[in-house]
Amino acid sequence: MTKPFYAEPILNSPYEVPTRHHALSDSGEPLNSPPIEGRRRSKYVAPVPKSRKVKADGKNQASLDLDQARDGGSRYNPTPIINEIRGHISTWRSIPNPNDWGVTPVTQRLLQHWRSDTFSGPRPFYCQVEAVETAIWLAEVARKNKQYAHIFRHLEEANHDANPEIFRLALKLATGAGKTTVMAMLIAWQAINAARQPNSSLFSRGFLIVAPGITIKDRLRVLKPSDGNSYYRSRELVPQDMMPDLNKAKIEIVNYHVFQRRKAHELNAVGLRLMKGWKGEAIEELETEGQMLQRACGDLLQMKNVVVINDEAHHCYRERPGSHDEDELKGEEKDEAKENNEAARLWISGIEALKRKVGVRAVYDLSATPFFLRGSGYEEGTLFPWVVSDFSLVDAIECGIVKLPRVPVSDNAVNAATPVYRNLWDHIGKKMPKKGAGKSGDLDPLSIPPELQTALYSLYSHYEKEYDAWEKAGIGVPPVFIIVCNNTASSKLIFEWISGWEREVEGERQTKHQGHLELFRNYDRNGNRVPRMNTLLIDSQQLESGEALDSKFRDMAEAEIEQFRREIKEREGAAAADKLSDSELLREVMNTVGQKGRLGEQVRCVVSVSMLTEGWDANTVTHILGVRAFGTQLLCEQVIGRGLRRQSYELNGKGLFNTEYADILGIPFDFATEPQEVTRTPPKPTTRVYALKERNDLSIRFPRVAGYRAELPSESFSANFSNDSTLDLTPELVGPCKVRLEGLVGEGHDISPDALDDMRPNTVATHLTKKLIEMYFREPDQDVPYYLYNQLQPITRRWIANCLKLTGGTKAGMLTYAELAEKASELIYQAIVRSAGEDGESVVKAMLDPYNPHGYTDHVSFITTKQTLWETRLSHVNYVVCDSDWEAEFARVVEAHPATISYVKNQALSFEVPYRSGSLPRRYLPDFIIQIDDGRGPDDPLSLIVEVKGFRGLDEQIKAETMANLWVPGVNNLKVYGRWAFAEFRNAFAMEEDYSKLVANFSARIPEEA
């Protein structure tokens, strides 16, 4: 019987806190048990391959023990702290009133925005928001509260041992969970707060983002607000009115290699002797630390206390003093450990140098695997003890954020204890070349081990089926098969065996074999190279350093480079091709694998030395083969992570993602094992929605209102109640009011809240009047003016008598419930404001956002996968993205009417209306803004705010009242934004008639106003 995990791996929405999780064994294997209610606690449960190293007691390390101590060192287990912080944040997040969150107004606004569902495209995942909430809570809430002091003691001790000069916080998110989005949110939170509170010690507007290689550095350009594809705009991470403050941030993005101090001069031996002179004075041959920082950090050196964000931060640490781990390793493992340590030492030394120069306010580490690497002096794979937030691979699978990896669990090999293809290297390692390609000469691809050839044929056979299925589904790009090798000699052999190879015979290149795997061949049946390469050979480490390609690898990849250079000449011209260096060209191909219209579009197979590129964001990978040693789970998860990015982010009918799979051979990762049928759906086409420069004359300016101030008469009050002043009290609002109770035998009876019958109308009116005074007539820092009671109580009584409707057994006494009393008070106050403005002189003034008082349609730019689009003619923005057929019909009606000057759908516009629903401040997004000629000519248009709505509940009623009584009169009273009005359209079949009547009514008022 199929285990529940395989039958239904995805349990939770990617946008909500996980509420269920699968039962796993201690080693991480799914159990044959139903899902467990509640969220999984943070615990590193994925299995770890057998360690070849034997400890002094003769026992092998069977699993990761995060409490282990070595060499008398400290014992750290960060998971209790992670779980404790997670609990505190859950409680903090549930506080209903944003004013009680204990954060700045900027942070409050950003959190409300990120948690909302008003995004045009996919909104931030829950795990992304939680990671940023953790950083915010620690900085703005916990730091001020002594009850959380032990958390900071833990973090300070952990950092003191491993990072004595800097204080780091690590946010752990599974590969594919979107770390770049989290970085953008952290930058927005820090930079906007710093712009609005320049003297605060908590925030900075200077950021150094450090990446492990060129590829990630290039991809992180989206973190610069000025970039054309910046996440702040394209993913709507920052409200438009906050963008000017974000633009004040200084952001430098570097790969850690820039911290290497370079030669101070380019002198040869003779020149060096001349510079030393006859005295032989010493000359500084390397640039100083200050010169290195000036080159690496640029304008950041003009600032104080910058924020550092480390991407793939497991590469950044200082190895433990007195450790001799490297001495215990041999061969390639020793070389790898040495390289790890040199890179980590260089990375962290650069950050320490920056702190000495200008100060570092905070260091945020982001990684899917924030574990110590081999040779660090710590247990390999031990979690960084400064991790404060954890969203693991298992969590990401259960939320559908990543693909589900599948590995072999059985085979027909008689003498193997485990499936051969689960840890292929154990069976072929001794038969593979030990040196790089440059030292190995021309090896024969036909000589690769039989087990490897069978593994390639086996996984390729499944790839063929997947390829056909993608073709039938019309996905448009091929699935991708990746192979990760240990050195260039192995990668060259496998690459040639797969795609074909040439050799030089008597001075001429001759094709010796067209390749064993048909879909991956780079040669046709006649031995000629195919026009577009199907298989790509890369060396990740060489491409990531940013230096020129090694001559040996350049020779290996010469044919690929020339072929792609010809292709880019055909696409973009000779100048574009000549401008790219060899390494830049190969990076461009690698980084565009699976992207339509780009160089790597049709690449089907990638053979890589090293781990492929961390941060490689190809989302079309379906098959992975590991041809190298995997000493720990860390390496397994890093390689598998290259294939876990989802292809489709469309929700199904259950509000969940559909399951996607990646099939794995050669990587000992014990996880998903049972075969499952896969439904392939082509990704929905995307459309860029943006403001057209050629239509700048249709631009609309609108005010950004932060609140309202009503100057009511101080001595006498009256109220003008309308249909929208009515409160229909139903069991839907208060709960069932009649309940039947029956036993197995005997007579049943009904229960209802009859006790409320004893509450007299005067008592209810007294309660409501007090609530009204407390909510709307109290000045800041003043006593509650209960002396207004005698003036307001008659209005309250009249509202109860005329505007309160009781249905379904509800009682007037229920208005003493706090939430209902607040909503009733809102309706009464709106009627008082309406009455005060009836003499023609508005008593309401809108209070504008002090930082950005108005916005424009000019800045609209986002990507949508929605298919219901109306191509505009009279809008500054090229499309109306329709959330319903009603909106499409309304767009048609507006464009067809001769009085329409211009209009825009309120999407990614950051046009929000503040209102209250009970005691909580909220923000309302109307559907459209329309400028119409109501008889005063196009130079004096009427700006009409429109809501297209079918169902209309109490909340919609309060929104309409706020627009009519506060926003519209308040903005019109400012007399700087023209004339504004508000209208609702509730009948889809009468929109054209209703719109015409509305325009006619506005036009008829002109003579009266004149």
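It should be noted that the structure appears before, not after, this text.
Predicted model only: the values in this text are computed from it and were never measured.

Engineer: Would you mind showing me how to read the overall build of the chain here?
Structural biologist: In terms of regular secondary structure, the chain is built from 30 helices and 34 strands. Here the chain, with 1010 residues, has 57% of them falling under the buried criterion. Contacts in the chain between residues far apart in sequence, at least 24 positions, make up 74% of those at least 6 positions apart. For the chain, the exposed area adds up to about 44800 Å²; of that, 47% sits on carbon and sulfur atoms.

Engineer: Is there a simple way to think about the environment of Ser-861 in this case?
Structural biologist: Relative to the helices and strands, Ser-861 is located in strand β26 (residues 861-864). Note: C-alpha distance between Ser-861 and Val-689 (172 residues apart in sequence) is 5.6 Å. Apart from the residues within four sequence positions on either side, Ser-861 is in contact with Arg-233, Ser-234, Arg-688, Val-689 and Tyr-690.

Engineer: When you look at the pairing of strand β7 (residues 360-367) in this model, what are you seeing that I'm missing?
Structural biologist: For a regular strand, side-chain orientation follows a simple rule: the groups alternate between the two sheet faces. Among the 8 residues that make up β7, 7 are buried, leaving the element largely enclosed by the rest of the structure. Examined bridge by bridge, strand β6 (residues 306-311) and β7 share 6 bridges and lie parallel to one another. Looking at β7, one finds that Ile-309 is bridged to Tyr-364.

Engineer: Sorry if this is basic, but what is going on with the pattern of salt bridges here?
Structural biologist: Any two side chains of opposite charge can pair, given that their charged atoms come close. As enumerated under the stated definition, the model contains 37 salt bridges in all. Two residues, Glu-895 and Arg-873, come together in a salt bridge whose shortest N-O distance is 3.9 Å. Here the residue Glu-895 occupies a position in helix α28 (residues 885-896), and Arg-873 occupies one in the loop between β27 (869-871) and β28 (879-881), the gap between them amounting to 22 residues. One continuous salt-bridge network, built from bridges that share partners, spans Arg-109, Asp-241, Arg-704, Glu-912 and Arg-923.

Engineer: Whenever I open this one, the sheet that holds strand β9 (residues 404-406) confuses me. Can you help?
Structural biologist: Within a beta sheet, neighbouring strands are joined by backbone hydrogen bonds and run either parallel or antiparallel to one another. Spatial strand order, β9-β16-β15-β10-β14-β13: 6 strands in an open sheet with parallel pairing. Looking along the sheet, the strands with just one partner apiece sit at the ends: β9 and β13 (535-539). On average, each strand axis in the sheet is inclined to that of its neighbour by 20 degrees, with strand direction left out of account. By the bridge criterion, 5 bridges tie strand β10 (residues 480-485) to strand β14 (residues 605-609) in an arrangement that is parallel. If you follow Phe-481 over to β14, its bridge partner there is Cys-605. Together, β9, β10, β15 (621-627) and β16 (661-665) form the strand contacts of helix α16 (residues 450-473), whose direction differs from that of β15 by roughly 175 degrees.

Engineer: Quick question: what am I supposed to make of helix α5 (residues 149-162) here?
Structural biologist: In this model α5 runs 20 Å from its N-terminal to its C-terminal C-alpha over 14 residues, within 8% of the 20 Å that 1.5 Å per residue would give. The elements touched by buried residues of α5 are α2 (79-93), α4 (126-141), β3 (168-173) and β8 (387-391).

Engineer: Looking at this structure, I do not really get the sheet that holds β8. What am I missing?
Structural biologist: Read across the sheet, 6 strands follow the order β5-β4-β6-β7-β3-β8 without closing on themselves; strand pairing throughout is parallel. The strands lining the two open edges of the sheet, one partner per strand, are β5 (250-255) and β8. Recorded for the sheet is a direction-independent mean angle of 15 degrees between the axes of neighbouring strands. The sheet contact formed by strand β4 (residues 206-211) and β5 spans 6 bridges and is parallel. Across the sheet, Phe-207 pairs through a bridge with Ile-251, a residue of β5.

Engineer: What is the right way to look at the environment of Glu-464 in this model?
Structural biologist: Looking at the secondary structure, you find Glu-464 in helix α16. On a C-alpha basis, the gap between Glu-464 and Leu-519 in space is 7.8 Å, while along the polypeptide they are 55 residues apart.

Engineer: Got a minute to help me understand the packing of aromatic side chains in this structure?
Structural biologist: The geometry of an aromatic ring pair is captured by two quantities: the separation of the ring centres and the angle between the planes. Taken as a whole and assessed by the stated rule, the structure comprises 28 aromatic pairs. Ring geometry for Tyr-463 versus Phe-481: centroids 6.2 Å apart, planes at 70 degrees, classification edge-to-face. Pair noted here: Tyr-463 is in helix α16 and Phe-481 is in strand β10, with a separation of 18 residues, a long-range link. Relative accessible area serves as the criterion here: at 0%, Tyr-463 is assigned to the buried category. Their ring planes at 55 degrees and their centres at 5.1 Å tell us that Phe-890 and Phe-985 sit as a pair that is tilted. Remark: Phe-985 occurs in strand β34 (residues 979-985) and Phe-890 occurs in helix α28; sequence separation between them is 95 residues. Exposure class is identical for Phe-890 and Phe-985. Each is buried. Members of the aromatic cluster, joined through ring pairs, are Tyr-460, Tyr-463, Tyr-467, Phe-481 and Phe-520. Above the ring of Trp-101, the side-chain terminus of Arg-115 is found at 4.8 Å from the ring centroid.

About the criteria used
Residues numbered from 1 in each chain as written. Predicted model: local features only at pLDDT ≥ 70, side-chain atom pairs only at ≥ 80, totals over all residues. Heavy atoms only, no water. Helix = DSSP H or I, 4+ residues; strand = E, 2+ residues; numbered from the N terminus. Buried < 20%, exposed > 50% of the residue type's maximum accessible area, 1.4 Å probe, protein only. Contact = heavy atoms within 4.5 Å. Areas by Shrake-Rupley, 256 points an atom, 1.4 Å probe, with all protein chains shown as cover. Pairing = 2+ DSSP bridges. Salt bridge = Lys/Arg side-chain N within 4 Å of Asp/Glu carboxyl O. Axes fitted to C-alpha atoms, helices over the stretch in contact; angles between N-to-C directions. Expected span 1.5 Å × (residues − 1). Phe/Tyr/Trp six-rings, centres within 6.5 Å; stacked < 30°, edge-to-face > 60°. Lys NZ or Arg CZ within 6 Å of the ring centre and 35° of its normal.

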